[in-house]
Structure formats: structure tokens, C-alpha cells
Amino acid sequence: MKYLFILLFLIIGNAANAAAPGLPAIPGGVTHIAADTDTVIRKQSISIGANYGSDIQFFGRTGPVTYPYLSTDAIYNFKSGIFVYGSAVQVIGYYPLIDEVDLGTGYLYNY
């Protein structure tokens, strides 16, 4: 039981320390906290990924037969905030070669 209180004390102490990093060690001391800015730094980036699953679920349905699948996706973000994405899904061992392809664009306001 004493270890539980020690663990609880450490968790609370860490949370209090993280929540108040700008508080002075001496009461009444002066602190300077950096002002928030609305400056948004936009960068262009690309993200590519692939996932494998042992059983794809169609709208949450499952059955006695498993359907292993491979999915890929790519997202490209422009400096202006516009992005383009695409994804593809292949149920392994079944025809056609690509079962689903999704393409789209969008705009990130606070990118």
C-alpha cells in the first residue's frame, strides 16, 4: 500500500511540475512568460504509408472466412495549405488487383 501512495505522489508531482513550468521558486518573484503568437509556419511535406491486416472488415461485418489485405496511402501538403491524398486497398489473393482507390484534395486552415 505504501508503494501505491509513492506512485500517486510521483504522478501528482510530475503533473503539477508540468502544468506550471513558469512559476517562480521564490513566492512573489517575477516571471516572464512568452506571449502567444498567431504566426503559422507552413511547410510542404509528403507522407507515405502502407498497412497490412489479417482480416478486412466490410462495414463492421466479420465472418468465418478471413480476408487479408494490404492498404497504401500518400498525402502531399503544399505550403499554401492545400493537400492532395490518395489511397488504395488490395484484398490479398482475390481479383481485381486493386479493390478500392480513393483520391481527394482539401485545405488545412491551421496547417
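Residues numbered from 1 in each chain as written. Predicted model: local features only at pLDDT ≥ 70, side-chain atom pairs only at ≥ 80, totals over all residues. Heavy atoms only, no water.

Caption draft 1: Expanded view of the packing of aromatic side chains. Counting across every chain of the model gives three aromatic pairs. Ring geometry for tyrosine 76 against phenylalanine 78: centres 4.6 Å apart, planes inclined by 80°, an arrangement best described as edge-to-face. (Phe/Tyr/Trp six-rings, centres within 6.5 Å; stacked < 30°, edge-to-face > 60°.)

Caption draft 2: Region of interest: the environment of serine 71. Tracing the backbone shows serine 71 in strand β2 (residues 69-77). When the C-alpha positions of serine 71 and valine 91 are compared, they lie 8.6 Å apart, and in sequence the two are 20 residues distant. Excluding residues that lie within four positions of it along the chain, serine 71 makes contacts with Gly49, Ala50, Asn51, Ala88 and Val89. (Helix = DSSP H or I, 4+ residues; strand = E, 2+ residues; numbered from the N terminus. Contact = heavy atoms within 4.5 Å.)

Caption draft 3: Examining a nonpolar patch on the surface more closely. Judged by side-chain polarity, Phe78, Ile82, Val84, Tyr107 and Tyr109 come together as a nonpolar surface patch covering roughly 500 Å² of accessible area. The topology assignment puts isoleucine 82 in strand β3 (residues 82-91). A relative accessible area of 39% means that isoleucine 82 is categorised as partly exposed. (Patch = residues over 30% accessible without salt bridge, like charges linked within 9 Å, V, L, I, M, F, W, Y side chains within 5 Å. Areas by Shrake-Rupley, 256 points an atom, 1.4 Å probe, with all protein chains shown as cover. Salt bridge = Lys/Arg side-chain N within 4 Å of Asp/Glu carboxyl O. Buried < 20%, exposed > 50% of the residue type's maximum accessible area, 1.4 Å probe, protein only.)

Caption draft 4: A look at the side chain of glutamine 90. Relative to the assigned elements, glutamine 90 resides in strand β3. Glutamine 90 gets classed as buried once you look at its relative accessible area, which sits at 15%. If sequence neighbours within four positions are ignored, glutamine 90 has contacts with Pro68, Tyr69, Leu70, Pro96, Leu97, Ile98 and Asp99.

Caption draft 5: Region of the structure containing the sheet that holds β2. An order of β1-β2-β3-β4 is seen for the four strands of this open sheet, with the pairing classed as antiparallel. Strand pairing shows two members of the sheet lacking a second neighbour, β1 (45-53) and β4 (100-107), which therefore form its edges. Direction aside, neighbouring strands of the sheet carry axes that sit 10° apart on average. The sheet contact formed by β3 and β4 spans eight bridges and is antiparallel. Pairing of valine 84 across the sheet is with threonine 105, part of β4. (Pairing = 2+ DSSP bridges. Axes fitted to C-alpha atoms, helices over the stretch in contact; angles between N-to-C directions.)

Caption draft 6: Main features of the pairing of β2. Of the pairings in the sheet, the one linking β1 to β2 comprises nine bridges and is antiparallel in character. Looking at β2, one finds that asparagine 51 is bridged to serine 71. Pairing of β2 with β3 involves nine bridges; the strand directions are antiparallel. Counterpart to aspartate 73 in the pairing with β3 is serine 87. In textbook terms, the turn of a hairpin is the stretch between consecutive antiparallel strands, and for β2 and β3 this stretch comprises four residues, one of which, glycine 81, has a positive phi near 105°.

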